[in-house]
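# Inside the fold
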Amino acid sequence: MAIRVETEDPGAGDVGDAVERYKRSFPDYAEAIDLYGAVMKVQQESLPEIECTMDFSALDIEKNLREGRSLLDPSQLDIPIQTIRRVLGGICSEVERQGAAGSKGCEDLVRWEGLGIEGFQGTRDKLLRGERLELNRAEEEGAGAEFAAGIIWESLVPFYRKCARGLQEGIDHALWQKGFCPICGIGPLMGKFRRGDGMWLLECRLCHTLWNVRRAECPFCSQGVEGSLEYIYLEGHDSYRAYYCSRCKRYVKNVDLRSAQNDALLPLDNIVTELMGLDRAAEQEGLNPA
């Protein structure tokens, strides 16, 4: 029996509504929620200007999934330099307007040679591999380099999100129960137990596709067997849990929405759970992010 999972892009207006809802629930983190909400609005508003046509037949999609291969190689996606520079410029304008720490000189990244015709591929490959970017100016070392990497990553997101749109409907999730995205092969940002039926869905941190995994075993390693998953949570926030494999010691944060009134916007939940210390608690248990 085929399993279909719908991934919806939140419109800029829906992002704004979610930001206000999260701020009411987590007033201590309002500044960070505002900041990331502003980034998400730029991403959503940029989608109409991005073109992406993926030529995959239903048989191609099924073959890839059965063979355990994601549909796209993220390092090969064609991204116009001028378009990503416009997206990055929009994000930089927002983070500078919000006064985010490390944002000074953010718009200089638009002119950085690492985002030029010759340097873009190498920059993207480093980001996809999780490697440190080598920026030119001394003031961009340390936290500045990390900030720049994050800004560039968020500028890539709408391109992959747009391409994923055309492929999501063709995926039978019964053929894909893995710990990485069936579209682009990148690992999860977070997961959720869906409202109503409690299906466990993970969300890709690059193209933000949702996909289904089994709740009883680790999706991240070949050692995963039924009952190998455990979890930790912070007192007072038991709807947020870090599920981890007792064998491979990798974890993914998750929010339980089975009895919630609203759906989650997982990028905001990721920010909230990081600030409340769930990642730190997982690291203290010797766990590594999936």
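Notes on the structure in this doc start here.

The rules we used
Residues numbered from 1 in each chain as written. Predicted model: local features only at pLDDT ≥ 70, side-chain atom pairs only at ≥ 80, totals over all residues. Heavy atoms only, no water. Helix = DSSP H or I, 4+ residues; strand = E, 2+ residues; numbered from the N terminus. Polar contact = N/O pair within 3.5 Å; in protein donor to acceptor, adjacent residues only side chain to side chain. Buried < 20%, exposed > 50% of the residue type's maximum accessible area, 1.4 Å probe, protein only. Contact = heavy atoms within 4.5 Å. Phe/Tyr/Trp six-rings, centres within 6.5 Å; stacked < 30°, edge-to-face > 60°. Pairing = 2+ DSSP bridges. Patch = residues over 30% accessible without salt bridge, like charges linked within 9 Å, V, L, I, M, F, W, Y side chains within 5 Å. Areas by Shrake-Rupley, 256 points an atom, 1.4 Å probe, with all protein chains shown as cover. Salt bridge = Lys/Arg side-chain N within 4 Å of Asp/Glu carboxyl O. Lys, Arg positive; Asp, Glu negative; His and termini not counted. Charge placed at Lys NZ, Arg CZ, Asp CG, Glu CD.

Attention now goes to the environment of Ser57. Mapped onto the elements of the fold, Ser57 is located in the loop between helix H2 (30-46) and helix H3 (58-66). Spatially, the C-alpha atoms of Ser57 and Arg194 are 29 Å apart, while their sequence positions differ by 137 residues. A distance of 3.0 Å separates a polar side-chain atom of Ser57 from the backbone nitrogen of Asp60.

Within the fold, Cys52 resides in the loop between H2 and H3. Residue classification places Cys52 among the partly exposed residues on the basis of a relative accessible area of 24%. A C-alpha to C-alpha distance of 9.7 Å links Cys52 and Arg161, two positions 109 residues apart in sequence. In this structure Cys52 touches Leu77, Lys162 and Cys163, once residues within four positions along its chain are discounted.

With that settled, the discussion passes to the packing of aromatic side chains. Applying the stated rule across the entire model yields eight aromatic pairs. Both rings, one in Trp176 and one in Phe180, keep their centres 5.1 Å apart while their planes meet at 85°; by these two values the pair is edge-to-face. On the accessibility criterion, Trp176 (0% relative accessible area) is buried. With centroids separated by 5.9 Å and ring planes inclined at 65°, the aromatic side chains of Phe193 and Trp200 adopt a geometry described as edge-to-face. With respect to burial, Phe193 and Trp200 carry one shared label: buried.

Attention shifts here to the pairing of strand S6 (residues 250-256). Among the seven residues that make up S6, five are buried, leaving the element largely enclosed by the rest of the structure. Examined bridge by bridge, strand S5 (residues 240-245) and S6 share five bridges and lie antiparallel to one another. Paired with Ala242 across the bridge in S6 is Lys253. Between S5 and the antiparallel strand that follows it, S6, lie four residues; Lys249 among them carries a positive phi value of about 65°. Where S6 and strand S7 (residues 288-289) come together, two bridges link them in parallel fashion. The residue of S7 that forms the bridge with Arg250 is Asn288.

A grouping of Glu6, Glu8, Asp14, Asp17 and Glu169 is seen on the molecular surface, where their side chains present a negatively charged patch. Residue class for Glu8 comes out exposed when judged on its relative accessible area of 57%.

Let's shift gears to the pattern of salt bridges. By the definition in use, this model includes 17 salt bridges. The residue Arg66 makes a salt bridge to Glu62 at a minimum N-O spacing of 2.8 Å. Of this pair, Arg66 and Glu62 are both found in helix H3, four residues apart, which corresponds to roughly one turn of the helix. Classification of Glu62 as partly exposed rests on a relative accessible area of 33%. Within the structure, one salt-bridge network assembled from shared partners comprises Asp9, Arg161 and Arg165.

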